[in-house]
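Listed below are the residues making up each chain.
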Amino acid sequence: AEKHAGVSCVTASVDDIQFQETARVGQVITIKAKVTRAFSTSMEVRGAFPCSYSAHRCILYRVEEEFLRFYIQNLYSDSQISIKVTVQDMFTGIEKLISVAFSTFVAKPVGKEKIHLKPVTLLTEQDHVEHNLASERRKVRLQHEDTFNNLMKESSKFDDPVCDEEEGTVSTRGTAVQSIELVLPPHANHHGNTFGGQIMAWMETVATISASRLCWAHPFLKSVDMFKFRGPSTVGDRLVFNAIVNNTFQTCVEVGVRVEAFDCQEWSKGRGRHINSAFLIYNAVDDKGELITFPRIKPISKDEYRRYWGAVARKRIRLGRKYVISHKEEVPLLIHWDISKQIKIYTLEEHDVVSVWVEKHVESPAHLAYHLLSDFTKRPLWDPHCMSCEVIDWVSEDDQIYYITCPTVNGDKPKDLVILVSRRKPLKDGNTYTVAVKSVTLPSVPPSPQYIRSDIICAGFLIRPVDSSSCTVSYFNQISASILPYFAGNLGGWSKSIEEAAASCIRFIESTTMDGFASTF
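Residues numbered from 1 in each chain as written. Predicted model: local features only at pLDDT ≥ 70, side-chain atom pairs only at ≥ 80, totals over all residues. Heavy atoms only, no water.

Caption draft 1: Main features of unusual backbone geometry. Here the phi dihedral of Trp216 falls at roughly 50°; this positive angle occurs in a residue that is not glycine. On the basis of relative accessibility, which here comes to 73%, the residue Trp216 falls in the exposed class. If you check the backbone angles, Gln250 has positive phi at about 60° while not being a glycine. Within the secondary structure layout, Gln250 lies in the loop between strand S9 (238–249) and strand S10 (252–262). (Buried < 20%, exposed > 50% of the residue type's maximum accessible area, 1.4 Å probe, protein only. Helix = DSSP H or I, 4+ residues; strand = E, 2+ residues; numbered from the N terminus.)

Caption draft 2: How the structure looks around the environment of His190. Note that His190 resides in the loop between strand S6 (177–182) and helix H5 (196–215). Along the primary structure His190 and Ser8 are separated by 182 residues, whereas in three dimensions their C-alpha atoms are 9.4 Å apart. Of the polar contacts made by the side chain of His190, one reaches the side chain of Glu2; its length is 3.1 Å. (Polar contact = N/O pair within 3.5 Å; in protein donor to acceptor, adjacent residues only side chain to side chain.)

Caption draft 3: Quick peek at the packing of aromatic side chains. Scanning all chains against the criterion turns up six aromatic pairs. Consider the rings of Tyr308 and Trp309, whose centres lie 5.3 Å apart with planes at 80°: the pair is edge-to-face. Taken together, a centroid distance of 5.1 Å and an interplanar angle of 45° make the contact between Phe461 and Tyr475 tilted. Of this pair, Phe461 sits in strand S20 (residues 458–467) while Tyr475 sits in strand S21 (residues 470–478); the two residues are 14 residues apart in sequence, bridging distant segments of the chain. By relative accessible area, Phe461 is classed as buried at 2%. (Phe/Tyr/Trp six-rings, centres within 6.5 Å; stacked < 30°, edge-to-face > 60°.)

Caption draft 4: Fine view of helix H8 (residues 366–374). For H8, the tally of buried residues reaches eight of nine residues, placing the bulk of the element in the interior. Burial in H8 covers these residues: Ala366, Leu368, Ala369, Tyr370, His371, Leu372, Leu373 and Ser374.

Caption draft 5: Summary view of the sheet that holds S6. Strand order across the open sheet formed by six strands is S2-S7-S11-S10-S9-S6, with antiparallel pairing between neighbours. Two strands close off the open sheet at either side, each with one partner strand: strand S2 (17–18) and S6. Pairing of S6 with S9 involves six bridges; the strand directions are antiparallel. Bridge assignment links Glu181 to a residue of S9, and that residue is Leu239. (Pairing = 2+ DSSP bridges.)

Caption draft 6: Focus on the environment of Val170. Examined against the element boundaries, Val170 turns out to sit in the loop between helix H4 (144–155) and S6. Taking the relative accessible area as the measure of exposure, Val170 reaches 27% and is therefore partly exposed. Through-space distance from the C-alpha of Val170 to that of Ile297 is 5.1 Å; in sequence the pair is 127 residues apart.

Caption draft 7: Structural context of the confidence of the model for the protein chain. Averaged over the protein chain, the pLDDT score is 80; the fraction of residues at 70 or greater is 80%. Mean pLDDT values for the elements of the protein chain range from 40 in strand S12 (residues 333–339) up to 96 in S6. Here residues 49–76 is a poorly scored stretch, pLDDT under 50, and it has 155 contacts once near neighbours within four places are set aside; other chains count. Confidence over residues 326–341 falls short of pLDDT 50; this stretch has 59 contacts with residues more than four positions distant or in other chains. (pLDDT = per-residue confidence, 0-100. Contact = heavy atoms within 4.5 Å.)

Caption draft 8: Fine view of the nonpolar core. If you look at the biggest cluster of nonpolar residues, it comprises 64 residues, and the most contacted ones within it are Leu239, Phe241, Val255, Val257, Val259, Leu280 and Tyr282. It is H5 that contributes the most residues to this core, nine residues altogether. Among the domains, domain 1 (1–46 + 74–160) and domain 2 (168–330) are the pair contributing at least three residues each to this core. In contact with Leu280, other than residues within four places in its own chain, are Glu204, Ala207, Leu221, Ser223, Val224, Val253, Glu254, Val255 and Val257. Residues Leu368, Tyr433, Val435 and Ile506 belong to the second largest nonpolar core, which totals 40 residues. (Core = buried A, V, L, I, M, F, W, Y, C linked by side-chain atoms within 4.5 Å. Domains from an automatic or database assignment.)

Caption draft 9: Spotlight on the packing of H8 against helix H10 (residues 497–511). Where H8 contacts H10, the two axes come as close as 10 Å, and the packing angle between them is 120°. With respect to their mutual orientation, H8 and H10 come out oblique. For the pair H8 and H10, the sense of crossing is right-handed. Of H10, the residues touching H8 (which contributes Leu368, Ala369, Leu372 and Leu373) are Cys505, Phe508 and Ile509. Classifying every residue of the contact of H8 with H10 gives seven nonpolar, no polar and no charged. (Axes fitted to C-alpha atoms, helices over the stretch in contact; angles between N-to-C directions. Parallel < 35°, antiparallel > 145°, perpendicular 65-115°, else oblique. Left-handed = near helix turned anticlockwise from the far one by under 90°. Nonpolar A, V, L, I, M, F, W, Y, C, P; charged D, E, K, R; others polar.)

Caption draft 10: How the structure looks around the environment of Val25. Its location among the elements puts Val25 in the loop between S2 and strand S3 (28–49). Distance in space between the C-alpha atoms of Val25 and Asp89 is 9.8 Å, their sequence separation being 64 residues.

Caption draft 11: Here's a closer look at the pattern of salt bridges. Inspection of every chain in the model, using the stated rule, returns 14 salt bridges. With a closest N to O distance of 2.9 Å, Glu130 and Lys34 form a salt bridge. Here Glu130 is found in helix H3 (residues 125–142), whereas its partner Lys34 is found in strand S3, with 96 residues between them in sequence. Within the structure, one salt-bridge network assembled from shared partners comprises Lys34, Asp127 and Glu130. (Salt bridge = Lys/Arg side-chain N within 4 Å of Asp/Glu carboxyl O.)

Okay, structure coming up:
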């Protein structure tokens, strides 16, 4: 960052850091950083980390050293920097990617003159891709606080997360850990401030102890949530670290860490400075190397509820953000992140696949909903993501092939799909109706230069009767990269297009009377 700016730079924020591999003693770690984009007020630095768990702390330290050369704040100029970390085994020669991270740095002006950063020279196609993605990451970064606050307002309308009689739930009070560190000269950078990486390493130590108190096993760090440095600390400061478990999500646990700095006078008065807060996500394994399922959390106090729902909101934001910027996470997760009287929405992560499940209650008979939803020519009447839909091949009475066109998203060309829709009635009354959807290839319908050919991996509806006049409709979609733009905003919390489409679907079904249905079919 300093090489690009020509002046001293400091770290403003760090995006999510996700560890894909671990590094061992004796292996070689390579860290590469470059400026991906310079803005009038900030820059992004990109980096990637290859290494093993035992080297996470070292990597956090070294990566932060790279980060600390470029950040943006107030009137300072800023840029975005990418950091890539890899690890190589010297005996086998195999190199693996540990992590890719992005940090925002601010250039410190000399005197009162404001610094204007020169643009980054783009030499390759990958440079152009990273340059464009840097802008998207910046948008997400700037709206993060508003998105989080909105999700927390939504959570205040939810029911209690767990029932008192539910077995296996635990309190987080026993996971609280405090640690105090004295900042010495080796802990400071060339500006005289404490290394951000050193602070992160201390945070990881206390967070690891907190997580271990919940599972009584050896947890390992999988990711660090995006965070900002609120203020500096210097040599001689006492840093107080307070960590506690916020929530669990099946095989992962979130630990929150708050850091306060005290100089000598502040220490004697007991009034410190809040310089950082971070949220670290851990897995843990048993003696056989299998992932441990963490117990569910039972919040009791008002603060515990705040931390519980805060973790849910951050998980939702993290899920949307990582798919926007092409990050991957291996942790399976089923999380219920929105609910109303009629609509429930869930997301499920399995390895590098994310799926969405929308469940809605409809005041119409199941057989009516089944026939309306299985006829995709009617989908443009209620689905804003579908512009047109026509049957291009009639395989059988219950299997048709459709050609669908979709609207533009983010300024790209409109998308089109060729899909097979198969519908099946239940063998017995009261059982579930099924509508299955999958993309197919037809030589008679080749890709058109006017559209981006997209695909549906696996999707469909399940319609289950509740009584003679109502039913529950569930929609499932295993999200492919081509249709991700239509879902990313919902996953991240800054759009409600899924809820709006589901509500439109309910209105469409409920407004169709039996007489109208009979005249149509």
